[in-house]
Each structure stands twice: as C-alpha cells, then as structure tokens.
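Observations on the three-dimensional arrangement
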Amino acid sequence: QVQFVESGGGLVQPGGSLRLACATSGFTIDYYAIGWFRQAPGKEREGVSCISGHDGSTYYTDSAKGRFTISRDNAKNTAYLQMNSLTSEDTGVYYCAAAPADCDYVLNARFGSWGQGTQVTVSS
C-alpha cells in the first residue's frame, strides 16, 4: 500500500534550518506530484510546497517562498523540504502526500489518510 513516512523535524531557534524527508513506498514516485503540508496549532492543514512529477516544477506558498526548497530523489523514492530562516509561524506538524497528478490536484485534494507527520517547533 501507499505509505508516507515523514522525518527531520525538531526544535529549532528562529532563524535556524531543518531538512525534512518524505520516504514513500508502494509506488514509483516518478509520475507523482509530491506535496508538503503543515498543520499549525489551531489551524487547518495547508499546502506548503509541491514538486511535480512531470517536469519537476515547484510550488511554494507565499510564506515559504524564498526560504524553503523542495526537491526529490526518485531513485530513493524520497522527497525533501529544506527549510531556512525559520520563524515561529512555521511551527506545526508537517506531512507529505502524493498523487499521479499535477500539483494543483495534490495541494487541493482531500486525502483520506496521512502519515504520522513530523513536528517542527520554532522557538527561543
């Protein structure tokens, strides 16, 4: 079955960096767009970034653009999210999800299941 395992979160001071990883199994990610999502305390889950399977094009929410970089290693069935210049507003549980579609679909789809996520806490 399709599985997603997120890792790389932790406690970091404002201005710090983290690199999240999304390990996938059960499918070949080459043809899948992969999205990163964040659920902050008291807020709905939101799309943060996405990378397409078609041509590697990327999407970033406005708050992430210029600070975050999404990438993928198809040979390892893994996607990454490099997060720099972190602020307290980046705090939340980060999840990944994917589908054999474009990023518009992935970022707006209502996925029925999620991995465990990885907690990112930005605090002094």
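Residues numbered from 1 in each chain as written. Predicted model: local features only at pLDDT ≥ 70, side-chain atom pairs only at ≥ 80, totals over all residues. Heavy atoms only, no water.

Turning our attention to the overall build of the protein chain. A tally of helices and strands in the protein chain yields one helix and ten strands. Along the protein chain, helices and strands appear, N-terminal first, in the series β-β-β-β-β-β-β-β-β-α-β. Taking 2.2 N^0.38 as the reference for a compact globule, 124 residues should give roughly 14 Å; the C-alpha atoms of the protein chain span a radius of gyration of 13 Å, in line with that estimate. Within the span of the protein chain, comprising 124 residues, buried residues form 46% of the whole. Restricting to contacts in the protein chain with at least 6 residues of sequence separation, those with at least 24 account for 60%. Of the roughly 6600 Å² of accessible surface on the protein chain, a fraction of 45% belongs to carbon and sulfur atoms. Averaging the positions of the 9 positive and the 11 negative side-chain charges in the protein chain gives two centres separated by 4 Å. (Helix = DSSP H or I, 4+ residues; strand = E, 2+ residues; numbered from the N terminus. Rg over C-alpha atoms; globule rule 2.2 N^0.38 Å. Buried < 20%, exposed > 50% of the residue type's maximum accessible area, 1.4 Å probe, protein only. Contact = heavy atoms within 4.5 Å. Areas by Shrake-Rupley, 256 points an atom, 1.4 Å probe, with all protein chains shown as cover. Lys, Arg positive; Asp, Glu negative; His and termini not counted. Charge placed at Lys NZ, Arg CZ, Asp CG, Glu CD.)

Before going further, it helps to examine the packing of aromatic side chains. Under the definition given, this model contains six aromatic pairs. Aromatic pair F4 and F27: ring centres 5.9 Å apart, planes at 55 degrees, arrangement tilted. Placement of the pair is F4 in strand 1 (residues 3–7) and F27 in the loop between strand 3 (18–25) and strand 4 (33–39), with a sequence separation of 23 residues. Taken as a pair, F4 and F27 share a single burial class, namely buried. Between the aromatic rings of Y95 and W114, the centroid separation amounts to 5.8 Å while the plane-to-plane angle is 65 degrees, which identifies the pairing as edge-to-face. Highlighted residues: Y95 in strand 9 (residues 92–99) and W114 in the loop between helix 1 (103–108) and strand 10 (118–122), separated in sequence by 19 residues. (Phe/Tyr/Trp six-rings, centres within 6.5 Å; stacked < 30°, edge-to-face > 60°.)

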